[in-house]
Amino acid sequence: MPKHLSLLKIVLSVLMAALLAVSLARGAKAEPTAQQVDALIEALRMPEIVDVLANEGRAMIDDLDRDDDGIPRSAWENMLADLYRSDVMLEAFRGEMIKALDGVDVAPIVTFFETDLGRTIAQVELDARIAMGDEGMEDVAAQAWAELPADSPRALLIEDYVAANDLVEMNVVGAMNADYAYMIGLGQTGDADAMPSDEDILREIWSYEPEVRADVSEWIYSYSTLAYESLSDDEFAQYIEFSKSTEGSKLNYALFATFDAVYSDLSRALGAGTGQLMQVFSGQEL
């Protein structure tokens, strides 16, 4: 199974998607046009973010590849290259965003991210996302968060931001959903009698929930410390207020629903692809 931290960075919650559907069903407005969603995707710098995620997906070969599994590295590379294609992933994100934003007035959201502050936020989030792909920088960011006094204005703002967007809980559930989807995909290509039951899979996944939660928390707080370092406290506070607004809340849930849907599909396909390679190359276990 791939490391849950690799999946954590991009995964989100099926449960949140269901909650989103319920909330939007109440007094829903007209569905946003594809052009409006495209404008939002551009404002959020999602094409560049998807490029980062695709590169990370292909780099998972360093987690999956082993000398004793009998599967050539080239086979892993080909599978991951097929799965993590930026153009295909972006189109999948776009389709899920259109569904997740059904009934949401996206105009004020786009307006916010087209302001000077909004553009700055989109840029620093992208820059930090790229930087966190380097283990050395991730360690630096973690140290920076650890050294912030708990009662300092910046630490309190980061805590407020994480809580306002429910980042830890959503990403924990999302990471576990991705692991579950991976196992289901893996089971689709193997001996059905030899595969554990859904109950056993869920029991195993929940057994390492504390570890997942610890990894998620560390990454989220480290990333937030790095990403918003260049913002003044006042600018950061303005962003938090937007996150707490009706528009910001709906955007947050829509993004989680979108990422969760896309990465559940990717994780399931990754499991199925892994199972196929195991069958082709002597049925060796990973």
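Residues numbered from 1 in each chain as written. Predicted model: local features only at pLDDT ≥ 70, side-chain atom pairs only at ≥ 80, totals over all residues. Heavy atoms only, no water.

Examining the overall build of the protein chain
Broken down by element type, the protein chain carries 16 helices and zero strands. With 286 residues in all, the protein chain has 47% of them scored as buried. A separation threshold of at least 6 residues defines the contact pool for the protein chain, and within that pool the share at least 24 residues apart is 86%. Total accessible area on the protein chain is roughly 13500 Å²; 52% of this is exposed by carbon and sulfur atoms. (Helix = DSSP H or I, 4+ residues; strand = E, 2+ residues; numbered from the N terminus. Buried < 20%, exposed > 50% of the residue type's maximum accessible area, 1.4 Å probe, protein only. Contact = heavy atoms within 4.5 Å. Areas by Shrake-Rupley, 256 points an atom, 1.4 Å probe, with all protein chains shown as cover.)

Remarks on the packing of aromatic side chains
The geometry of two aromatic rings is summed up by the distance between their centres and the angle between their planes. Taken as a whole, this structure holds 14 aromatic pairs when the rule is applied. Note on F112 and Y239: the rings are 6.2 Å apart at their centroids and 10 degrees apart in plane angle, and the pair reads as stacked. Note that F112 is positioned in helix α8 (residues 107-113) and Y239 in helix α15 (residues 233-244), a separation of 127 residues in sequence. Grouping residues by exposure puts F112 and Y239 together as buried. Measuring from ring centre to ring centre gives 5.7 Å for Y161 and F236, while their planes differ by 50 degrees; the resulting arrangement is tilted. Here the residue Y161 occupies a position in helix α11 (residues 153-164), and F236 occupies one in helix α15, the gap between them amounting to 75 residues. (Phe/Tyr/Trp six-rings, centres within 6.5 Å; stacked < 30°, edge-to-face > 60°.)

A short note on the confidence of the model for the protein chain
Here the protein chain averages 86 in pLDDT, while 84% of its residues score no lower than 70. Contacts from residues 1-28, a stretch scored under 50 in pLDDT, to residues over four places away or in other chains number 72 contacts. (pLDDT = per-residue confidence, 0-100.)

Side note on helix α10 (residues 135-147)
With 13 residues, α10 ought to run about 18 Å at 1.5 Å a step, and its terminal C-alpha atoms sit 18 Å apart, in line with that. Looking at α10, one finds that the buried residues are E138, A141 and A142. With its buried residues spanning 100 degrees around the axis, α10 presents them on a single face. For α10, the exposed residues set more than 90 degrees away from the buried face come down to D139, V140 and E147. Where α10 begins, one side-chain oxygen reaches toward the backbone nitrogen of G136, 2.8 Å away; that side chain belongs to D134. (Expected span 1.5 Å × (residues − 1). Arc of directions from axis to C-beta. Polar contact = N/O pair within 3.5 Å; in protein donor to acceptor, adjacent residues only side chain to side chain.)

Re helix α3 (residues 34-43)
Regarding α3, the residues found buried are V37, L40, I41 and A43. Buried residues in α3, looked at end-on, bunch into an arc of 165 degrees, giving them a common side. Within α3, the exposed residues directed more than 90 degrees away from the buried face are Q35 and E42. Structurally, α3 contributes buried residues whose contacts are with α4 (46-58), α7 (86-100), α8, α9 (116-131) and α16 (246-280). R45 occupies a position one or two residues after α3 and carries a positive phi of about 65 degrees.

Quick notes on the pattern of salt bridges
Taken as a whole and judged by the stated rule, the model has 16 salt bridges. Linking D87 and R85 is a salt bridge whose minimum nitrogen-to-oxygen distance equals 2.9 Å. By relative accessible area, D87 is classed as partly exposed at 48%. D200 is paired through a salt bridge with R203; the nearest N and O atoms lie 2.6 Å apart. Within this pair, D200 and its partner R203 are both found in helix α13 (residues 198-207), separated by three residues, close to a single helical turn. Owing to a relative accessible area of 48%, R203 belongs among the partly exposed residues under this scheme. Linked through salt bridges whose partners overlap, the residues forming this network are D38, E91 and R94. (Salt bridge = Lys/Arg side-chain N within 4 Å of Asp/Glu carboxyl O.)

Considerations on the nonpolar core
One finds Y84, M89, F93, F113, Y228 and Y263 to be the most contacted residues of the largest nonpolar core, which totals 79 residues. The element best represented in this core is α16, accounting for eleven residues. Setting aside residues up to four positions removed in sequence, Y84 forms contacts with A54, G57, R58, M60, M89, Y263, L266 and L270. (Core = buried A, V, L, I, M, F, W, Y, C linked by side-chain atoms within 4.5 Å.)

Structural notes on unusual backbone geometry
Within the chain, R45 stands out as a residue other than glycine whose phi angle is a positive 65 degrees. Assignment of secondary structure puts R45 in the loop between α3 and α4. Of note in this structure, D166 is not a glycine but carries a positive phi near 50 degrees. Positionally, D166 belongs in the loop between α11 and α12 (167-188).

As for the packing of α3 against α7
As a packed pair, α3 and α7 sit with axes 10 Å apart at the nearest point and diverge in direction by 120 degrees. Put simply, α3 runs oblique to α7. Note on packing geometry: the crossing formed by α3 with α7 is right-handed. Where α3 approaches α7, its residues A34, V37, D38, L40 and I41 are matched on the opposing element by L90, R94, M97 and I98. Among the residues forming the contact of α3 with α7, the class breakdown is seven nonpolar, no polar and two charged. (Axes fitted to C-alpha atoms, helices over the stretch in contact; angles between N-to-C directions. Parallel < 35°, antiparallel > 145°, perpendicular 65-115°, else oblique. Left-handed = near helix turned anticlockwise from the far one by under 90°. Nonpolar A, V, L, I, M, F, W, Y, C, P; charged D, E, K, R; others polar.)

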